[in-house]
Amino acid sequence: MDAAVKTPNAVEQATPLRPRLLAGYGLANIGLACFLITPQLLLLYFLTDTLAVPAATAGVVLLLPKIWEVVFDPVVGLWSDRLRGRMGRRWPLMAAGAALFPLGFAAMFAPPTHLTGFGAVIWVMAAYMAATTAYALFSIPYAAMPGEISRRQQDRTRVVAWRVGFLAFGLMVAGGMSPMLVEMAGGGRPGYAVMGMLLALMAGGALLGSLRAVWKLQDRQRDFSAPLKPAKALAAGVRATLGNPAYRFLWIGYAFQTVAMGAQSAMMPYAVTYQIQASSGVLAQLFLAGAVVQVAAMPLWVKIADRLGATRAAIGAAAAYALATLGYVWCGPGDVALATAVAALAGLGQAGCYVLPFALMPSVVAARDQKEAEANLGLLTAVWVSGEKLGLALGGAAAGVLLGLAGYVSGGQAQPASALAAIPLLFATGPALMLACSAPLLFKLDRLRRRQGQPL
């Protein structure tokens, strides 16, 4: 490559990245974490126990905006690949998403008091869809950047580890604060409205605050070659998913893991209330226990990946998460200490499930066609992120529908024995089975890559 084209930001740059820039880049994940965890943790419970929406209907409310994202994410990815100009191909969309996101997030938990029943459902769903649209505008270009910063798997793993470290911190803050903010603000509709507004301000500040680092890290000078025409680019995304066996094994395996995460997050308030029979403060305690361990475990999984390979490390992370989460089955009334210990152990495995599959994704895609992957990395990343979002949504939606079929009574009332029996199954056993289903696919990925002489 001509020397004039090489910059400190170029893709082939393999020198260590400056911690200050990586910290600024990772800052955005505090804002993204607010959206990842708060609706997963509280929206289903808000709909059923505050707005008295039937559990099955509430599950659909969680699912429909995510189906929209599955359609919209590839459009954003394609758009970010094709943008040209002095601001780069990622930054403009991220700036728009950062500005719009807080409005939709705050509205999601603040339906007007005169709206009840179907009207409140429509408000929440519309606000959720607006927030997911703004989130996609920011998160898809943001997620594509590690594949442009370096071609070295070790560098990508470390970049993603910085991101996931901030993500875990954001999950800790949002997951720990949101139930307490609701309670401190008096609970009910007013409590959720205050919580939504405060977290929207925090999330918006984090997204906007990261834009300076993104501006410096993105490569605005390198010619990524002419992007494919829209039809061919969309076909490239399909090929990346269906035509690349390594990508397919990783994508589907991670989808199983996100279904487990989505179901467990959605069911945690119900488990705390009806299985452990504790207050919302315990809900925050469980999340804090898991998130603190996640933050501490990030460097550990990076070292394990360097030693064993990222694929085998990912298998170990899924196994650790599945075994730990089964411990929730034995948590009964008053077992707060046991549940906290289980949450901490689950956080150890969950840290690896967050960082390792996404760190693998650019290498798996690029192994098939490096040039095409670089030109269309936003689109290919969107295909990946769409699977992640759909998995999280399916987990939460399935939990809501199955809880409704088990006879759950909305409105915070006493529950029948069938609903009480279903809660630990949906909170612990089901997620553990989903995590176990991911292991054979990751084993196939490991064997395939080693057979090709490209172990990851």
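Residues numbered from 1 in each chain as written. Predicted model: local features only at pLDDT ≥ 70, side-chain atom pairs only at ≥ 80, totals over all residues. Heavy atoms only, no water.

Caption draft 1: Spotlight on the overall build of the protein. When its secondary structure is counted, the protein shows 15 helices and zero strands. Looking at the protein residue by residue over its 456 residues, the buried ones come to 59%. Taking as baseline every contact in the protein between residues at least 6 positions apart, the subset at least 24 positions apart corresponds to 85%. Per element, the accessible surface of the protein, about 17,000 Å² overall, is 69% carbon and sulfur. (Helix = DSSP H or I, 4+ residues; strand = E, 2+ residues; numbered from the N terminus. Buried < 20%, exposed > 50% of the residue type's maximum accessible area, 1.4 Å probe, protein only. Contact = heavy atoms within 4.5 Å. Areas by Shrake-Rupley, 256 points an atom, 1.4 Å probe, with all protein chains shown as cover.)

Caption draft 2: Fine view of helix H4 (residues 117–144). The terminal C-alpha atoms of H4, which comprises 28 residues, lie 40 Å apart, in line with the 40 Å expected from a rise of 1.5 Å per residue. Helix geometry: H4 is bent most strongly at Ala136, by close to 30°. (Expected span 1.5 Å × (residues − 1). Bend = angle between axes of the 7 residues up to and from the residue.)

Caption draft 3: View of the packing of helix H9 (residues 245–275) against helix H15 (residues 417–451). For the pair H9 and H15, the least separation of the axes is 8 Å and the interaxial angle reads 165°. Classified by the interaxial angle, the pair formed by H9 and H15 is roughly antiparallel. Of the two elements, H9 crosses H15, and the hand of that crossing is left-handed. Tallied by class, residues from the contact of H9 with H15 come to 27 nonpolar, five polar and two charged. (Axes fitted to C-alpha atoms, helices over the stretch in contact; angles between N-to-C directions. Parallel < 35°, antiparallel > 145°, perpendicular 65-115°, else oblique. Left-handed = near helix turned anticlockwise from the far one by under 90°. Nonpolar A, V, L, I, M, F, W, Y, C, P; charged D, E, K, R; others polar.)

Caption draft 4: Structural view of the packing of aromatic side chains. A complete count under the given rule lists 15 aromatic pairs for this structure. For the ring pair Phe138 and Tyr142, a centre distance of 5.5 Å and an interplane angle of 35° mean the geometry is tilted. Here the residue Phe138 and the residue Tyr142 both occupy positions in helix H4, the gap between them amounting to four residues, near one helical turn. Residues Phe138 and Tyr142 agree in their burial class; the two are buried. Aromatic pair Tyr274 and Tyr408: ring centres 5.9 Å apart, planes at 80°, arrangement edge-to-face. Of this pair, Tyr274 sits in helix H9 while Tyr408 sits in the loop between helix H14 (377–405) and H15, placing them 134 residues apart in sequence. (Phe/Tyr/Trp six-rings, centres within 6.5 Å; stacked < 30°, edge-to-face > 60°.)

Caption draft 5: Main features of the environment of Ser386. Mapping Ser386 onto the fold places it in helix H14. Residue class for Ser386 comes out buried when judged on its relative accessible area of 5%. When the C-alpha atoms of Ser386 and Val70 are compared, they prove to be 4.9 Å apart, with 316 residues separating the residues in sequence. When sequence neighbours within four positions are dropped, the list of residues in contact with Ser386 reads Glu69, Val70, Asp73 and Pro74.

Caption draft 6: Focus on unusual backbone geometry. Here the phi dihedral of Ala52 falls at roughly 60°; this positive angle occurs in a residue that is not glycine. Mapped onto the secondary structure, Ala52 falls in the loop between helix H1 (19–50) and helix H2 (55–82). Not every positive phi belongs to a glycine, and Gln277 is a case in point at roughly 55°. Along the chain, the position of Gln277 falls in the loop between H9 and helix H10 (280–308). Classification of Gln277 by relative accessible area gives exposed; the value is 54%.

Caption draft 7: Layout of the nonpolar core. Within the largest apolar cluster, 133 residues are counted, with the highest numbers of intra-cluster contacts made by Leu43, Phe101, Phe109, Phe138, Met268 and Tyr270. Contacts of Phe109, omitting those with residues within four sequence positions, involve Thr38, Pro39, Leu42, Leu43, Phe46, Arg189, Tyr192, Ala193, Met195 and Gly196. (Core = buried A, V, L, I, M, F, W, Y, C linked by side-chain atoms within 4.5 Å.)

Caption draft 8: Quick peek at helix H3 (residues 91–108). Look at H3: 26 Å from first C-alpha to last across 18 residues, which is about the 26 Å you get at 1.5 Å a residue. Bending of H3 peaks at approximately 35° at the position of Leu100, with proline Pro102 no more than four residues after it. Of all the positions in H3, only Trp91, Leu93, Met94, Ala95, Gly97, Ala98, Phe101, Pro102, Gly104, Phe105, Ala106 and Met108 are classed as buried.

Caption draft 9: Structural detail: the pattern of salt bridges. Going through the model one piece at a time under the given rule, you end up with one salt bridge. For Arg312, the salt bridge is made with Asp446, and the minimal N-O distance between the two is 3.0 Å. Taken together, the positions of Arg312 in helix H11 (residues 310–325) and Asp446 in helix H15 put the pair 134 residues apart, joining distant regions of the chain. A residue is classified by how much of its surface remains accessible, and Arg312, at 41% relative accessible area, is partly exposed. (Salt bridge = Lys/Arg side-chain N within 4 Å of Asp/Glu carboxyl O.)

Caption draft 10: Molecular detail of a positive patch on the surface. There is a patch of like positive charges on the surface, built from Arg18, Arg20, Arg212 and Lys216. Examined against the element boundaries, Lys216 turns out to sit in helix H7 (residues 188–217). Classification of Lys216 by relative accessible area gives partly exposed; the value is 35%. (Patch = residues over 30% accessible without salt bridge, like charges linked within 9 Å, V, L, I, M, F, W, Y side chains within 5 Å. Lys, Arg positive; Asp, Glu negative; His and termini not counted. Charge placed at Lys NZ, Arg CZ, Asp CG, Glu CD.)

Caption draft 11: Up close: the environment of Ile423. Of note, Ile423 is situated in helix H15. Sequence separation between Ile423 and Val329 is 94 residues; the distance between their C-alpha atoms is 9.6 Å. With sequence-adjacent residues up to four places away left out, Ile423 is seen in contact with Met267, Tyr270, Ala271, Tyr274, Gln275 and Leu403.

Caption draft 12: Summary view of the environment of Leu286. Position of Leu286 among the secondary structure elements: in helix H10. Residue Leu286 is classed as buried on the basis of its relative accessible area, which comes to 2%. Ignoring anything within four residues of it in the chain, the contact list for Leu286 reads Met268, Val272, Ile276, Ala339, Thr340 and Ala343.

Caption draft 13: Expanded view of the confidence of the model for the protein. Counting all residues, the mean pLDDT for the protein is 80, and 80% of those residues have values of 70 or more. Considering only residues more than four positions removed or in separate chains, one finds that residues 1–16, a stretch of pLDDT under 50, has 34 contacts. (pLDDT = per-residue confidence, 0-100.)

Caption draft 14: Quick look at the side chain of Gln350. Residue position: Gln350 is located in helix H12 (residues 336–366). On the accessibility criterion, Gln350 (11% relative accessible area) is buried. Leave out the neighbours within four places in its chain, and Gln350 touches Met261, Gln294 and Tyr321.

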